[in-house]
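# Structural overview
Chain by chain, the residues run as shown.
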Amino acid sequence: MISNRFKNFAVKECQDSSELYEHLSLKISEDDEMLEVCSNAKRGQPVPNLFLGAVHYLLLKGTDHELKQFYGSIVESTKDAKDCFPYFKDFCQKNKGEIISILKSKLVQTNEVRRCSYLYPSFCFIYEKVKKPLALIEIGTSAGLQLLWDRYCYSYETDKIYGDHNSDVHIKANVKGESSPFLLPNSPPVVSRIGLDLHINDLNDPEDYLWLKSLIWPNHSERRELFEGASNYVKRNLLDMVEGDGVALLSDIVMEIPQDAVICVFHTHVANQLPQEVKFKLLEDVKLIGKQRDIFHLYNNVQDRNFHLDYYIDGNEYNSTVGETDGHGRWFSWRLS
């Protein structure tokens, strides 16, 4: 039921993160007219993200309306979020056709840059295990922002820097709990980067760039800055991007990886858009590949919301939980040892 999706989104995702989206989501969940508009979203899409992103997209594109006074991505000083819904509904009524068109044609492909905060120690852990250069395969790559995790620098509640010390993209995150992640001073070596997605976003295309920016919540200025900085790296680097069903393509793609590299399949917050049978197929396909050669699989939103690492070395299977993660990468916990 779409109404419950908005209620859950408000409580589980927006609380303490976006007062605007929390308030709007709760109001939308009780409004039949708005829910009817949302029913036009593609099947399997996270409807709240898609709907709110569509409205944000039109505002960023220049659609003039008083609603923009509530969006920190557009104005410096915003009005009280609790007063926004009448303006939001009026905007949706006046731009209903365009919003429905976006809901039917666009995909939620946020690919949050700050999620690299927990990818970095995960890949450090993998490299220490096998001491082989990493061959990256990202399912649901969007524009490839996370494929360049090794080109960014990181800090975790101290002044110490990890990763690429010369990077213009500096990602900061908190580590919850008593365990600390394993961190190499410099990024592990990466020999190849392959991105798989139903729709590859081209950051040199103004339309794709604006859509991805629209999926960043209006009050999240730091996320926008990281997106813009990481986008500059993607534009300067040649990535191997393949458009199609990433799960279906995986078995053939790994055949291209040389034996002197270790296969690293990863995806963050993509599996929540996959049917249960496709999630099961992905796990089984990785297991079959693991019988032939070493492979590591980093993922969440399959069994639960935690970040997991399954890996196969010399045909032996290992299953680990990396830890809990914030949806936007602001914090994570660490369980690997």
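Preceding block: the structure.
Our subject in this report is the structure included herewith. Computed from a prediction, not measured in an experiment: that's the story for all the values here.

## Points about the overall build of the protein chain
Within the protein chain, the regular secondary structure consists of 11 helices and 12 strands. The C-alpha radius of gyration of the protein chain comes to 20 Å, within 12% of the 20 Å expected for a compact globule of 337 residues. Considered along the principal axes of its C-alpha atoms, the protein chain spans approximately 60 × 45 × 40 Å. For the protein chain, with 337 residues in total, the buried portion stands at 57%. A total accessible area of about 15,100 Å² is found for the protein chain, and carbon and sulfur atoms account for 45% of it. Distance between charge centroids for the protein chain: 1 Å, based on 38 positive and 49 negative side chains.

## Some words on the sheet that holds strand β3 (residues 162-163)
Picture the strands of a sheet paired through backbone hydrogen bonds; they go either parallel or antiparallel. Spatially, 3 strands are ordered β3-β2-β4 in an open sheet, and the strand pairing comes out mixed. Both outer strands of the open sheet, β3 and β4 (170-172), are each paired with one neighbouring strand and no more. Judged from the 2 bridges that link them, strand β2 (residues 153-155) and β3 form a sheet pairing that is antiparallel. Pairing of C153 across the sheet is with G163, part of β3. Packed onto the sheet, helix α7 (residues 116-130) meets β2, β3 and β4 and runs at close to 100° relative to β2.

## Things to note about the sheet that holds strand β9 (residues 295-299)
Read across the sheet, 7 strands follow the order β7-β6-β1-β8-β9-β10-β11 without closing on themselves; strand pairing throughout is mixed. Pairing within the sheet leaves two strands with one partner each, and these edge strands are β7 (240-243) and β11 (316-323). Pairwise comparison of adjacent strand axes, ignoring direction, gives a mean angle of 15° for this sheet. Pairing between strand β1 (residues 134-139) and strand β6 (residues 190-197): 6 bridges, direction parallel. Directly across from A135, in β6, lies its bridge partner S192. Together, β1, β8 (262-266), β9, β10 (307-313) and β11 form the strand contacts of α7, whose direction differs from that of β10 by roughly 15°. Together, β1, β8, β9, β10 and β11 form the strand contacts of helix α11 (residues 276-290), whose direction differs from that of β9 by roughly 160°.

## Thoughts on the pattern of salt bridges
Going through the model one piece at a time under the given rule, you end up with 17 salt bridges. Here E19 makes a salt bridge to K82, at a shortest N to O gap of 2.8 Å. A residue pair is termed long-range when its members are at least 10 positions apart, and E19 in helix α2 (residues 19-29) and K82 in the loop between α4 (47-61) and α5 (85-94) qualify at 63 residues. Since its relative accessible area comes to 54%, K82 is described here as exposed.

## Let's talk about α2
Of all 11 residues making up α2, 8 are buried, and the element is well covered by its neighbours. Those residues of α2 lying buried are L20, Y21, E22, H23, L24, S25, I28 and S29. In this structure, the buried residues of α2 make contact with α1 (2-14), α3 (32-38), α4 and α5.

## Some points on the nonpolar core
Counting 91 residues, the largest nonpolar core has F51 and F88 as its most contacted members. At 10 residues, the largest contribution of residues to this core is made by α7. Filtering out sequence-adjacent residues up to four positions away, F88 remains in contact with L24, I28, M34, F51, L52, V55, L67 and Y71. L250, A261, I263 and I295 belong to the second largest nonpolar core, which has 18 residues in total.

## With respect to α7
Between its terminal C-alpha atoms α7 stretches 21 Å, which fits the 21 Å expected from 15 residues at 1.5 Å a residue. Counted residue by residue, α7 has 13 buried out of 15 residues, so it is predominantly covered. After α7 finishes, the residue K131 shows a positive phi value of roughly 50°.

## Some remarks on the environment of C116
Mapped onto the fold, C116 is located in helix α7. For C116, the residues in contact, after removing those within four places along its chain, are Q146, W149, Y152, Y154 and I171.

Quick notes on the rules
- Residues numbered from 1 in each chain as written.
- Predicted model: local features only at pLDDT ≥ 70, side-chain atom pairs only at ≥ 80, totals over all residues.
- Heavy atoms only, no water.
- Helix = DSSP H or I, 4+ residues; strand = E, 2+ residues; numbered from the N terminus.
- Rg over C-alpha atoms; globule rule 2.2 N^0.38 Å.
- Buried < 20%, exposed > 50% of the residue type's maximum accessible area, 1.4 Å probe, protein only.
- Areas by Shrake-Rupley, 256 points an atom, 1.4 Å probe, with all protein chains shown as cover.
- Lys, Arg positive; Asp, Glu negative; His and termini not counted.
- Charge placed at Lys NZ, Arg CZ, Asp CG, Glu CD.
- Pairing = 2+ DSSP bridges.
- Contact = heavy atoms within 4.5 Å.
- Axes fitted to C-alpha atoms, helices over the stretch in contact; angles between N-to-C directions.
- Salt bridge = Lys/Arg side-chain N within 4 Å of Asp/Glu carboxyl O.
- Core = buried A, V, L, I, M, F, W, Y, C linked by side-chain atoms within 4.5 Å.
- Expected span 1.5 Å × (residues − 1).

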